[in-house]
Amino acid sequence: MTEILISSVLIIAIAMMLLSVKVIFKKNGSFTSQHIHDSQAMRDRGIHCVIDQDREQREKKQTVREKSRTTQNTQ
């Protein structure tokens, strides 16, 4: 039982060290952002984050309630 625990902790420690190599050994090292809006290639293609796309669509479209109000006012 203790062998499994020790080997698990060792594997996790090695994985954490390998994940942080860039941060530790590179001057001013940091993890790169994984967000779509931070990628220049995605911005060049016009691809946005789903939250931004949703916000854009909501601003473009009227809600059903607003549409029904405008149709009632015109009738």
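Before reading on, note that the structure itself is shown above.
Definitions and limits used
Along each chain, residues carry numbers from 1 onward, in the same order as the chain's sequence is written. Per-residue local features of the predicted model are confined to residues with pLDDT of at least 70, and side-chain atom pairs are confined, for both listing and counting, to 80 or more; whole-chain, interface and lining totals are unaffected and use all residues. Excluded from the side-chain calculations are hydrogens and water; all other atoms, namely the structure's heavy atoms, are used. Numbering of helices and strands runs from the N terminus, with a helix taken as a DSSP run of H or I at least four residues long and a strand as a DSSP run of E at least two residues long. Exposed residues in this analysis have more than 50% of their type's maximum accessible area, buried residues have under 20%, and partly exposed residues fall in between, with area computed by a 1.4 Å probe over protein chains only. Every case where a carboxyl oxygen of Asp or Glu lies within 4 Å of a side-chain nitrogen of Lys or Arg is listed as a salt bridge. Surface patches are drawn from residues lacking salt bridges whose relative accessible area is over 30%; two like charges belong together within 9 Å, two nonpolar side chains (Val, Leu, Ile, Met, Phe, Trp, Tyr) within 5 Å. Note on areas: Shrake-Rupley with a 1.4 Å probe; residue coverage comes only from the protein chains shown.

Brief notes about the overall build of the protein chain
No. 1: When you go through the protein chain residue by residue, the secondary structure sums to five helices and zero strands.
No. 2: When the elements of the protein chain are put in sequence order from the N terminus, they spell out α-α-α-α-α.
No. 3: Sorting the 75 residues of the protein chain into buried and exposed places 1% on the buried side.

Observations concerning the pattern of salt bridges
Side chains that differ in charge, positive against negative, can pair when their charged atoms come close.
No. 1: Taken as a whole, this structure holds two salt bridges when the rule is applied.
No. 2: The partner of Asp52 in a salt bridge is Arg55, with the nearest N and O atoms 3.0 Å apart. Of this pair, Asp52 and Arg55 both sit in helix α4 (residues 50-60), three residues apart, which is roughly one turn of that helix.
No. 3: In this structure Arg55 comes out as partly exposed when scored by relative accessible area, which is 43%.
No. 4: Linking Asp54 and Arg58 is a salt bridge whose minimum nitrogen-to-oxygen distance equals 2.9 Å. With Asp54 and Arg58 both in helix α4, this residue pair falls four residues apart, about one helical turn.
No. 5: When its relative accessible area of 37% is taken as the criterion, Asp54 is described as partly exposed.

Section: a nonpolar patch on the surface
No. 1: Judged by side-chain polarity, Leu10, Ile14, Leu18, Val21, Val23, Ile24, Phe25 and Phe31 come together as a nonpolar surface patch covering roughly 830 Å² of accessible area.
No. 2: If you list the elements that add at least two residues to the nonpolar patch, you get α1 (2-19) and α2 (21-25).
No. 3: Among the elements that make up the nonpolar patch, the one with the highest residue count is α2 (four residues).
No. 4: Within the secondary structure, Val23 is located in helix α2.

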